[in-house]
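One letter stands for each residue in the lines below.
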Amino acid sequence: MSRFKAVVFDLDDTLFPGRQYAVSGFRAAGNYLKRIFGVDLHADLIQAYEAGHGDGSVEYVLRRRFKDVEPLLLNRLEGIVRCHMPVLELYPDARTALALLGTHGFMAGIMADGPAHVQRNKISALNLKPLVNSMVMADDLGGREYWKPAPDPFHILALQLEIEVHEMVYVGDDPTLDFLGPRRLGMGTIRIRRNDGLHARVEALPSEAAPHVTIPALDHLFTALDSMEQTILSKPEMAQINP
C-alpha cells in the first residue's frame, strides 16, 4: 500500500496551458481598447507576449503605437488583464487524471501561489472545485511570504485532508520554485515537463530542489506514483519517465 494519500497540483502549465491565461487577458485588454479608442491591438499584445515581454507586454505595445501613454490608461489595462474572468480549458490528460485519482485511492488538492484573486478566477474558469478535495491559495495566508517555497500552505492542505504532510505528492512544472518546499517536508515531488510549458527548457536544480520524478504528461502520473517510493528510497535525484 502506498505511503502517499493525496496528490496536490500546481495550476499553470500543470493542469492547463499557462499561455491560455495570457491570451485571455490580452483579449480582454484589446476589447477595451477597441471599444473605447477604436483600435485593435489584440494581435500586437499576443505578439509582444510571444516575443518575451511577459507582464510588460501592455506597456510595450502602447509605447510603440502611441507617442504619449497616460499612466492611468496603463494601470487600467493592466488591471483588466489581472482581474478579468479568463477563458481557460484543462489539458485533456489533466481532466482524466483528476477523474481517476479517487479510483486509485488518492485524494486531490491544489496549492497555488500568486495573487489570490487571479488564482481563484482561474479555478472558477476551469471548474476545478468539483474535481478536488481541497484547495489552498498561498496568498490568502498573508501575502508573498507564504508563496513557494514556504511550508505553511502544505501544512494547511494536510490538515484539511486529515493526513500527514509527508503523505502528499506535489505535481508542478517549475523546477526553480515548485519542489524545494515539498521536499523539505518529506513530500513526494513530480515535475511535469510539457513541451509547450513556460519552464520546459529549465533544467532541474541539484539536490533537495530537484523533483523525484519527471514526466512529460499526466498520462504518466500513475506510473510515477507507483514508482515514487522506490525512487525516493534508491534514487533521491531526479528520475525520468519517458513516453
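Residues numbered from 1 in each chain as written. Predicted model: local features only at pLDDT ≥ 70, side-chain atom pairs only at ≥ 80, totals over all residues. Heavy atoms only, no water.

(A) Representation of the overall build of the protein chain within the structure. Regarding its fold elements, the protein chain presents 9 helices and 7 strands. Taken over the C-alpha trace, the protein chain has a radius of gyration of 19 Å; the compact-globule value for 243 residues is 18 Å, and the two agree within 12%. Summarising its shape, the C-alpha atoms of the protein chain cover approximately 65 × 30 × 30 Å along the three principal directions. Burial statistics for the protein chain: of 243 residues in total, 50% are counted as buried. When contacts within the protein chain are restricted to residue pairs at least 6 apart in sequence, long-range pairs at least 24 apart make up 65% of them. Accessible surface, the protein chain as shown: approximately 12,200 Å² in total, 51% of it carbon and sulfur. On the protein chain, the mean spot of the 25 positive side-chain charges and the mean spot of the 31 negative ones are 5 Å from each other. (Helix = DSSP H or I, 4+ residues; strand = E, 2+ residues; numbered from the N terminus. Rg over C-alpha atoms; globule rule 2.2 N^0.38 Å. Buried < 20%, exposed > 50% of the residue type's maximum accessible area, 1.4 Å probe, protein only. Contact = heavy atoms within 4.5 Å. Areas by Shrake-Rupley, 256 points an atom, 1.4 Å probe, with all protein chains shown as cover. Lys, Arg positive; Asp, Glu negative; His and termini not counted. Charge placed at Lys NZ, Arg CZ, Asp CG, Glu CD.)

(B) Region of interest: the layout of surface pockets. A volume near 1,300 Å³ is recorded for the largest pocket. Every residue lining the largest pocket is counted, 39 residues in all, and those nearest its centre are Asp12, Tyr21, Asp55, Lys122 and Leu198. Of all the secondary structure elements, the ones that give two or more residues to the lining of the largest pocket are α1 (18-37), α2 (42-53), α4 (71-83) and α6 (116-126). The residue makeup of the lining of the largest pocket, split by class, is 14 nonpolar, 8 polar and 17 charged. (1 Å grid on protein atoms, 1.4 Å probe; cavity = no way out; pocket = protein on both sides within 12 Å on 5 of 7 lines; lining within 4 Å. Points joined across faces, edges and corners; volume = space filled by probe spheres on them. Nonpolar A, V, L, I, M, F, W, Y, C, P; charged D, E, K, R; others polar.)

(C) Summary view of the packing of α1 against α4. Close contact between α1 and α4 brings their axes to 8 Å; oriented N to C, the two are set at 140°. In terms of orientation, α1 and α4 fall into the oblique class. Regarding α1 and α4, the two cross each other, and that crossing is right-handed. Between α1, through Tyr21, Gly25, Phe26, Ala28, Ala29, Tyr32, Leu33 and Phe37, and α4, the contact on the second element is made entirely by Leu73, Arg76, Leu77, Ile80, Val81 and Arg82. Considered class by class, the residues forming the contact of α1 with α4 number 11 nonpolar, 1 polar and 2 charged. (Axes fitted to C-alpha atoms, helices over the stretch in contact; angles between N-to-C directions. Parallel < 35°, antiparallel > 145°, perpendicular 65-115°, else oblique. Left-handed = near helix turned anticlockwise from the far one by under 90°.)

(D) Region of interest: the side chain of Arg194. For Arg194, the position within the fold is in the loop between β5 (188-192) and β6 (213-215). Of note is the side chain of Arg194, whose polar atom sits 3.0 Å from the side chain of Asp93. Among all residues touching Arg194, those that are not within four sequence positions of it are Asp13, Thr14, Tyr91, Asp93, Ala200, Pro216, Ala217 and Leu218. (Polar contact = N/O pair within 3.5 Å; in protein donor to acceptor, adjacent residues only side chain to side chain.)

(E) Spotlight on the nonpolar core. The biggest cluster of nonpolar side chains holds 37 residues, and the ones touching the most others in it are Leu15, Ile190 and Leu218. Where this core is concerned, the elements lending two or more residues are β1 (6-9), α5 (92-101), β2 (107-112), α6, β4 (168-172), β5, β6 and α9 (221-234). With 5 residues, the top contributor of residues to this core is α9. Counting residues in hydrophobic clusters, the runner-up holds 18 residues, among them Leu33, Leu45, Val69 and Leu77. (Core = buried A, V, L, I, M, F, W, Y, C linked by side-chain atoms within 4.5 Å.)

(F) Highlighting the pairing of β5. Burial of β5 is extensive: 5 of the 5 residues sit out of reach of the surface. What you see with β5 is no split at all: Gly188, Ile190 and Ile192 on one side and Thr189 and Arg191 on the other are buried throughout. Of the pairings in the sheet, the one linking β4 to β5 comprises 4 bridges and is parallel in character. Within the sheet, the bridge partner assigned to Val171 lies in β5 and is Ile190. Here β5 pairs with β6 via 3 bridges, running parallel. Paired with Ile192 across the two strands is Ile215, which belongs to β6. (Pairing = 2+ DSSP bridges.)

(G) Structural context of helix α7 (residues 152-161). By the burial criterion, the buried members of α7 are Pro153, Phe154, Leu157, Ala158 and Leu161. Taken end-on, α7 shows its buried residues confined to a sector of 140°, consistent with a single buried face. Where α7 is buried, its residues contact β1, β2, β3 (134-137), β4 and α8 (180-184). Immediately beyond the C-terminal end of α7, within one or two residues, lies Glu162, with a positive phi of roughly 60°. (Arc of directions from axis to C-beta.)

(H) Region of the structure containing the environment of Phe16. Here Phe16 shows up in the loop between β1 and α1. Classification of Phe16 as buried rests on a relative accessible area of 0%. The spatial distance from the C-alpha of Phe16 to the C-alpha of Ala94 is 7.6 Å, given a sequence separation of 78 residues. Aside from chain neighbours lying at most four places away, what touches Phe16 is Leu11, Tyr21, Leu88, Glu89, Leu90, Tyr91, Lys122 and Leu126.

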